[in-house]
Amino acid sequence: MSTLLTYISVNDGKIKRSSLEVLSRCNQLAKEKGLTSAALVVDQNPGAVTDTLKKYGPSVIYTIENPIFKNHLNTPLLKALSAAVEKINPKLVAFASTEGSKDILGALAANRRASALADMSEFELTDNGVKGKRPVMASKIISAVEAEGECVMITVRSGSYDVVEQEGDTSVEPIDFSFSDDELRLTLKEIISSSSDRIDLSEAEVVIAAGRGVKDEEGRNLISELASVLNAGVGASRALTEAGDYDPSLQIGQTGKVVSPQLYIGIGISGAIQHVAGMANSKVIVAINKDPDAPIFDIADYGLVGDLYKVLPPFIEEIKKVKSEK
Amino acid sequence: MKFYVCIKQVPDVNAPLQIKDGKLVQDADRNILNAYDASAVEEALVLTEAHGGEVEVVLAGPEKAKETLRKALAMGAHKGTHIVTSGDEPFDSFSFGKILAKFFSDKEYNFILCGKQSQDTDSGLTGSILAELLDKPYVTNAVGLKLEGETLTVKRQGDAGQEMIEVPSPGVVTCSNDMNDPRIPSLKGIMQSKRKPVETISVADIDAGVSADDVKTRVLSFEEKPEREPGKKYEGEPEEIAREVARLLDSAESVI
Ligand SMILES: Cc1cc2nc3c(=O)[nH]c(=O)nc-3n(C[C@H](O)[C@H](O)[C@H](O)COP(=O)(O)OP(=O)(O)OC[C@H]3O[C@@H](n4cnc5c(N)ncnc54)[C@H](O)[C@@H]3O)c2cc1C
Ligand SMILES: Nc1ncnc2c1ncn2[C@@H]1O[C@H](COP(=O)(O)O)[C@@H](O)[C@H]1O
């Protein structure tokens, strides 16, 4: 029976929620079409996540274990995925869209003679492939697309599907894999990681984004304070990641990350389309900007026209009050 | 040091556009050099200015895309190749990957730079497809490049942090626009670009085995994005509007 294979991204021994979104969607499609939904974990220690993964009910969890997968490097990952695809012969290989999966999608598809579609916001199966939707033109427009082929590989935007737990019998099947250093071709010299206790932006329920209007330390302190009151992830516009005020991995937008939180608060951000491309799917959008004509107000549910240095202190104080009343 | 940079002409996403019968219609035919490719050109220029060498740009696209090739030459690239297509073929990243791979199959180079994605489609596939077809090591999403001898050290933006990765020559790197501000061509650069060598080849002569029939991914139609309900603007005393909205986020939205 044909298999729909979901690649499960694991970071520091934790499954990325966006992979579970994709798996949940594949489970549903498998059920509708009488196919098998399987998950694939490629990690230094896949055993650490298989029990959690079983709750989401794939029929099979394939695992590839090797210390090389401690860090992301495309050469071993491509070899592992290529081996898994060869063995499982899936109709669909679906990834959550991450820098890790975007790194290998094209090469893997070229290697397996599969077709590929990146950054889908919706997908379904057709008789000879996959069709679905993806945002284009800096997410101003949706394009309906299809891919043909015995195997189609896709990446899926975070927040596109709900995570659904399901009961079921799940078997775990390790796949043999070996890798020697001379196959690496690339050398990973160093990882400059930003603090790991930070809330993962792409999974945060509340996201605070700082823009060029946040000019100085006083402004950044207000942002941090608001974030801590709301237990929010902090992101930034390109203006501030470029200036070095915020870590580059915090950039939200077309070049950076896509977020889809319950609440997004943009502070001193004009709302350029390339920024909006990364946050337009937030449930509630709040914007604080002193320019009443800033484009961000066109998409904000609550637009506060004012100087952020004057608006934020009472805003923070009131939220604290609301929280303490609960 | 020989750098090739693959550049693409893309519609300007800032230009007003409409959808008519599922097709995309731009009010003005405004086309630009893909921003990510402009950063790749800039980076190649900076590296060759410091270490010596040559930058050649390659573009596959219709006749009118020649202006984009000229733009890269005006920035300072030394020469260019234009692989001419009709512009009507439904080519996808695989088609361009194959065309470029065939082009590079008999070329000598140290590094091929691409953009990390096309600004209009955000596909981000061509670079790694090209690397795989050429069987060369590659790194994507570069936010910084450093050259030592013939080894390029790439600072790559990963999911959580940045990875410093050494790529041996010959290799392929895809570039983010987060690594530099591409230079604006000077008047002198524009004048000089007119005399720079541009080779023109038709896509048929490349003979990469791509045709409209074997393109496996297709755009079926374009749709408007569901509009967001217009929200409310709060103007007035900062103190008052701040408190009012903070309350509503709880009472009306239950998101805090
Ligand atoms: C291909 C491409 C990709 C890109 N990708 C991204 C991306 O991923 N993410 C991204 O963010 N950008 C991206 N950009 C850049 C984008 O176009 C904008 O330049 C950027 O988003 C602007 O950031 P900003 O809103 O912080 O700054 P600005 O546009 O300068 O806006 C600052 C705002 O702050 C307001 N302000 C100033 N002072 C105050 C104050 N005291 N109180 C309240 N408001 C104040 C101003 O009114 C203004 O509206 C990309 C661009 C290109 C070409
Ligand atoms: N027609 C083309 N001509 C030259 N380079 C291209 C072409 N198409 C794609 N590329 C390169 O591949 C990158 C990624 O393209 P894409 O897969 O369309 O997102 C671009 O930034 C270019 O560097």
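1. A look at the overall build of chain B
Turning to step 1, where the next piece is worked out: From N to C terminus, chain B includes seven helices and 15 strands.
Turning to step 2, where the next piece is worked out: Over its C-alpha atoms, taken along the principal directions, chain B stretches across nearly 65 × 45 × 40 Å.
Turning to step 3, where the next piece is worked out: Once local pairs closer than 6 in sequence are excluded, the contacts in chain B between residues at least 24 apart make up 70%.

2. A short note on the overall build of chain A
Turning to step 1, where the next piece is worked out: Scanning chain A for helices and strands turns up eight helices and 18 strands.
Turning to step 2, where the next piece is worked out: In terms of C-alpha radius of gyration, chain A reaches 21 Å, essentially the compact-globule figure of 20 Å for 326 residues.
Turning to step 3, where the next piece is worked out: In terms of overall dimensions, chain A has C-alpha extents of about 60 × 40 × 40 Å along its principal axes.
Turning to step 4, where the next piece is worked out: Across the 326 residues that make up chain A, the buried fraction comes to 61%.
Turning to step 5, where the next piece is worked out: Partitioning the intrachain contacts of chain A with sequence separation of at least 6 by distance along the chain shows that 64% fall at a separation of at least 24.
Turning to step 6, where the next piece is worked out: Entry remark: accessible area of chain A is about 12900 Å², with carbon and sulfur atoms responsible for 43%.

3. Focus: the nonpolar core
Turning to step 1, where the next piece is worked out: Ranked by internal contacts, the top residues of the largest apolar core, which has 96 residues, are B:F104 and B:L113.
Turning to step 2, where the next piece is worked out: Those residues in contact with B:F104 that lie beyond four places of it in its chain are B:Y4, B:C6, B:V58, B:Y109, B:I112, B:L130 and B:L134.

4. With respect to the site of ligand 1
Turning to step 1, where the next piece is worked out: With respect to spatial proximity, 30 residues lie near ligand 1, and among them A:R212, A:S237, A:I252, A:S270 and A:N289 are the closest.
Turning to step 2, where the next piece is worked out: Chains contributing residues to the immediate surroundings of ligand 1 are chains A and B.
Turning to step 3, where the next piece is worked out: The side chain of A:S237 places a nitrogen or oxygen atom 2.6 Å from an oxygen atom of ligand 1.
Turning to step 4, where the next piece is worked out: A distance of 2.8 Å separates an oxygen atom of ligand 1 from a polar side-chain atom of A:Q274.
Turning to step 5, where the next piece is worked out: In isolation ligand 1 has 990 Å² of accessible area, and contact with the protein removes 83% of it.

5. Side note on the packing of aromatic side chains
Turning to step 1, where the next piece is worked out: Counted according to the given criterion, the structure contains twelve aromatic pairs over all chains.
Turning to step 2, where the next piece is worked out: Taking 6.3 Å as the distance between ring centres and 85 degrees as the angle between the ring planes, the aromatic pair formed by B:Y4 and B:Y109 counts as edge-to-face. Here the residue B:Y4 occupies a position in strand β1 (residues 2-7), and B:Y109 occupies one in the loop between α3 (93-104) and β8 (111-115), the gap between them amounting to 105 residues. Accessibility assignment for this pair places B:Y4 and B:Y109 in one class, buried.
Turning to step 3, where the next piece is worked out: Feature note: the residues B:Y4, B:F103, B:F104 and B:Y109 constitute an aromatic cluster, connected by ring pairs.
Turning to step 4, where the next piece is worked out: Sitting over the face of the ring of A:F123, A:R25 holds its NZ or CZ atom 5.6 Å from the ring centroid.
Turning to step 5, where the next piece is worked out: In this structure, B:K2 packs its charged tip against the face of B:Y4, placed 4.7 Å from the ring centre.

6. A word on the interface of chain A and chain B
Turning to step 1, where the next piece is worked out: Counting residues at the interface gives 90 residues for chain A, matched by 81 residues for chain B.
Turning to step 2, where the next piece is worked out: Buried area between chain A and chain B, summed over both chains or domains, comes out near 7500 Å², and the portion from carbon and sulfur atoms is 52%.
Turning to step 3, where the next piece is worked out: Of all residues in chain A, the largest losses of buried area upon contact with chain B belong to A:M137, A:R185 and A:Y302, amounting jointly to 10% of the total for that side.
Turning to step 4, where the next piece is worked out: Our count for the chain A to chain B interface comes out at 13 salt bridges.
Turning to step 5, where the next piece is worked out: In this structure, A:D301 engages B:R228 in a salt bridge whose closest nitrogen and oxygen atoms are separated by 3.0 Å.
Turning to step 6, where the next piece is worked out: Linking chain A with chain B are 55 residue pairs in polar contact (both at pLDDT 80 or more).
Turning to step 7, where the next piece is worked out: For the side of chain A that touches chain B, the element with the highest residue contribution is helix α4 (residues 99-112) of chain A, accounting for eleven residues.
Turning to step 8, where the next piece is worked out: Its residues assigned to classes, the side of chain A that touches chain B comprises 45 nonpolar, 21 polar and 24 charged.

7. Considering the site of ligand 2
Residues and elements named next belong to chain B.
Turning to step 1, where the next piece is worked out: Lining the immediate surroundings of ligand 2 are 19 residues, of which C6, D37, S118, G124 and T126 lie closest.
Turning to step 2, where the next piece is worked out: Note that an oxygen atom of ligand 2 is positioned 2.8 Å from one of the backbone N or O atoms of G115.
Turning to step 3, where the next piece is worked out: For ligand 2, an oxygen atom lies 2.9 Å from a polar atom in the backbone of L125.
Turning to step 4, where the next piece is worked out: Here ligand 2 loses 99% of its free accessible area of 480 Å² to cover by the protein chains.
Turning to step 5, where the next piece is worked out: Taken together, the elements giving at least two residues each to the shell around ligand 2 come down to β1, β6 (54-61), α3 and β8.
Turning to step 6, where the next piece is worked out: Residue classes in the shell around ligand 2 are distributed as nine nonpolar, eight polar and two charged.

8. A word on helix α1 (residues 35-51) of chain B
Because an α-helix packs 3.6 residues into every turn, residues spaced three or four apart end up facing the same way.
Residue and element names in this part refer to chain B.
Turning to step 1, where the next piece is worked out: Across its 17 residues, α1 extends 24 Å between first and last C-alpha, which sits within 8% of the 24 Å expected from 1.5 Å per residue.
Turning to step 2, where the next piece is worked out: Across the 17 residues of α1, twelve count as buried, placing the element largely inside the fold.
Turning to step 3, where the next piece is worked out: For α1, the set of buried residues is Y36, D37, A38, S39, A40, V41, E42, E43, A44, L45, L47 and T48.
Turning to step 4, where the next piece is worked out: Following α1 by one or two positions, G52 adopts a phi angle in the positive range, close to 80 degrees.

9. Brief notes about the sheet that holds strand β4 (residues 36-43) of chain A
All names here are of chain A.
Turning to step 1, where the next piece is worked out: Strand order in the open sheet formed by seven strands is β7-β11-β6-β1-β4-β5-β12, and the pairing between neighbours is parallel. Each of the sheet's edge strands pairs with one partner strand only, and the pair in question is β7 (115-120) and β12 (171-174). Between one strand axis and the next, the sheet turns by 20 degrees as a mean value, whatever way the strands run.
Turning to step 2, where the next piece is worked out: Inspection of the sheet shows β7 paired to strand β11 (residues 152-156) by four bridges, in the parallel sense. If you follow M120 over to β11, its bridge partner there is V156.
Turning to step 3, where the next piece is worked out: Along the sheet face, helix α1 (residues 17-33) touches β1 (3-8), β4, β6 (92-96) and β11 and points at about 170 degrees away from the line of β1.

10. Observations concerning α1(A)
All names here are of chain A.
Turning to step 1, where the next piece is worked out: Between its terminal C-alpha atoms α1 stretches 25 Å, which fits the 24 Å expected from 17 residues at 1.5 Å a residue.
Turning to step 2, where the next piece is worked out: Along α1, twelve of the 17 residues are buried, which leaves the element largely enclosed by surrounding structure.
Turning to step 3, where the next piece is worked out: Those residues of α1 not exposed but buried are S18, S19, L20, E21, V22, L23, S24, R25, C26, N27, L29 and A30.

11. So, the sheet that holds strand β15 (residues 232-235) of chain B
Turning to step 1, where the next piece is worked out: Ordered by their spatial adjacency, six strands build an open sheet running β15(A)-β14(A)-β16(A)-β17(A)-β18(A)-β15(B), and the pairing between neighbours is parallel. Two strands close off the open sheet at either side, each with one partner strand: β15 (233-236) of chain A together with β15 of chain B. Pairwise comparison of adjacent strand axes, ignoring direction, gives a mean angle of 20 degrees for this sheet.
Turning to step 2, where the next piece is worked out: Packed on one face of the sheet, helix α5 (residues 217-230) of chain A meets β14 (206-210), β15 and β16 (263-267) of chain A and runs near 175 degrees to β14(A).

12. Some thoughts on the domain arrangement of chain A
Residue and element names in this part refer to chain A.
Turning to step 1, where the next piece is worked out: For chain A, the assigned domains read domain 1 (3-183) and domain 2 (206-325).
Turning to step 2, where the next piece is worked out: Listed per partner, the contact involves seven residues of domain 1 and six residues of domain 2.
Turning to step 3, where the next piece is worked out: Together, A138, R157 and S158 form the three largest contributors to the area buried by domain 1 at its contact with domain 2, with a combined 62%.
Turning to step 4, where the next piece is worked out: On the surface where domain 1 and domain 2 come into contact, there are zero residue pairs in polar contact (both at pLDDT 80 or more).
Turning to step 5, where the next piece is worked out: A class-by-class count of the residues in the side of domain 1 that touches domain 2 yields one nonpolar, three polar and three charged.

Parameters at a glance
- Residues numbered from 1 in each chain as written.
- Chains lettered and ligands numbered in written order.
- Predicted model: local features only at pLDDT ≥ 70, side-chain atom pairs only at ≥ 80, totals over all residues.
- Heavy atoms only, no water.
- Helix = DSSP H or I, 4+ residues; strand = E, 2+ residues; numbered from the N terminus.
- Contact = heavy atoms within 4.5 Å.
- Rg over C-alpha atoms; globule rule 2.2 N^0.38 Å.
- Buried < 20%, exposed > 50% of the residue type's maximum accessible area, 1.4 Å probe, protein only.
- Areas by Shrake-Rupley, 256 points an atom, 1.4 Å probe, with all protein chains shown as cover.
- Core = buried A, V, L, I, M, F, W, Y, C linked by side-chain atoms within 4.5 Å.
- Near = heavy atom within 4 Å.
- Polar contact = N/O pair within 3.5 Å; in protein donor to acceptor, adjacent residues only side chain to side chain.
- Phe/Tyr/Trp six-rings, centres within 6.5 Å; stacked < 30°, edge-to-face > 60°.
- Lys NZ or Arg CZ within 6 Å of the ring centre and 35° of its normal.
- Buried area = accessible area lost by both parts, 1.4 Å probe.
- Salt bridge = Lys/Arg side-chain N within 4 Å of Asp/Glu carboxyl O.
- Nonpolar A, V, L, I, M, F, W, Y, C, P; charged D, E, K, R; others polar.
- Expected span 1.5 Å × (residues − 1).
- Pairing = 2+ DSSP bridges.
- Axes fitted to C-alpha atoms, helices over the stretch in contact; angles between N-to-C directions.
- Domains from an automatic or database assignment.

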